[in-house]
Structures are given as structure tokens and as C-alpha cells.
Amino acid sequence: MQEIDYFAPAPASLDEWRKDYPNVRGTIYHDKSSKGLNLYGKPSRHNAYRAEVSYQGKKYRKRSILYMDCVQFLVRLHQENTNEPELF
């Protein structure tokens, strides 16, 4: 069981996690889309990571400000939907 540093900064490439978990499906992306205008009329933006994966025709999504939280979400779903042993 490997130690996970949840507060470690995300790598430059958001696909770095695939090196450790090559068989895990899904994608992680950083969302900076617009939320609209704030009280003072300035545009407000999201600043979070999103993880998405689809198993058996059902789409699963996770939003988090922590990159490793999204990685863990994809790995856990992979374990639940396959017969592989625990990966971390």
C-alpha cells in the first residue's frame, strides 16, 4: 500500500498518474470555466479538478480541488468494476 500525499501539487501533465495505474480508465482535467459574474460585476471562475469515467453505460464524475482525490476516485471505481486487487 503506497502512501498518498493529497496536498502535493498536480504534475505539469495531468496524465502523470497513468504511469502508476496504466489499466485504470477515465480522465482528469482542470476546470477553469466561468461561473458568471460576482457581486461586483467581475467574472468568477471555477478552480478545481474533474475526474470522469464510464462503466457499463453509466457516467461517474468527481469534482475536487485536490488532484490526488480525483486519482483515488478513478482507481476505486476501477477496483469496484474489475477483479483486480487493491492498487494502493
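Worth saying up front: this structure is predicted, and the values here are computed from it rather than measured.

**A few points about unusual backbone geometry**
- Positive phi values are uncommon outside glycine, yet Gln-56 reaches one of about 50°.
- Along the polypeptide, Gln-56 turns up in the loop between strand 4 (48-55) and strand 5 (58-64).

**Some words on the packing of aromatic side chains**
- Taken as a whole and judged by the stated rule, the model has one aromatic pair.
- Ring centres of Tyr-49 and Tyr-67 lie 5.6 Å apart, and the angle between their planes is 70°; this geometry places the pair in the edge-to-face category. In this pair, Tyr-49 is assigned in strand 4 and Tyr-67 in helix 1 (residues 67-81), connecting sequence segments 18 residues apart.

**A few points about the confidence of the model for the chain**
- Taken as a whole, the chain shows an average pLDDT of 84; of its residues, 82% reach a score of 70 or greater.
- Model confidence for the chain, summarised as mean pLDDT per element, is weakest for strand 3 (residues 43-45) at 87 and strongest for strand 5 at 96.

**Looking at the sheet that holds strand 1 (residues 27-31)**
- If you walk across this open sheet you meet the three strands as 1-4-5, and the pairing is antiparallel. Looking at strand neighbours, the two that pair on one side only are strand 1 and strand 5, the edges of this open sheet. Strand-to-strand twist across the sheet, computed as the mean angle between neighbouring axes with direction ignored, equals 25°.
- Inspection of the sheet shows strand 1 paired to strand 4 by five bridges, in the antiparallel sense. Residue pairing across strands places Asp-31 opposite Ala-48, the latter belonging to strand 4.
- Strands in contact with helix 1 are strand 1, strand 4 and strand 5; relative to strand 4, the strand with the most contacts, it is inclined by about 10°.

**Describing the side chain of Asp-31**
- Secondary-structure assignment places Asp-31 in strand 1.
- Residue Asp-31 is classed as buried on the basis of its relative accessible area of 12%.
- Reaching out from Asp-31, the side chain makes a polar contact with the side chain of Ser-33 at a distance of 2.9 Å.
- At 2.7 Å, the side chain of Asp-31 forms a polar contact with the side chain of Arg-50.
- Those residues within four positions of Asp-31 in sequence are excluded, and the remaining contacts are His-46, Asn-47, Ala-48 and Arg-50.

**A word on the pattern of salt bridges**
- In this structure the tally under the stated criterion is three salt bridges.
- For Arg-61, the salt bridge identified is with Glu-52, shortest N-O distance 3.7 Å.
- Close ionic contact of Lys-62 with Asp-69 constitutes a salt bridge, the shortest N to O distance being 3.6 Å.
- For Lys-62, a relative accessible area of 25% puts it in the partly exposed group.

What counts and what doesn't
Residues numbered from 1 in each chain as written. Predicted model: local features only at pLDDT ≥ 70, side-chain atom pairs only at ≥ 80, totals over all residues. Heavy atoms only, no water. Helix = DSSP H or I, 4+ residues; strand = E, 2+ residues; numbered from the N terminus. Phe/Tyr/Trp six-rings, centres within 6.5 Å; stacked < 30°, edge-to-face > 60°. pLDDT = per-residue confidence, 0-100. Pairing = 2+ DSSP bridges. Axes fitted to C-alpha atoms, helices over the stretch in contact; angles between N-to-C directions. Contact = heavy atoms within 4.5 Å. Buried < 20%, exposed > 50% of the residue type's maximum accessible area, 1.4 Å probe, protein only. Polar contact = N/O pair within 3.5 Å; in protein donor to acceptor, adjacent residues only side chain to side chain. Salt bridge = Lys/Arg side-chain N within 4 Å of Asp/Glu carboxyl O.

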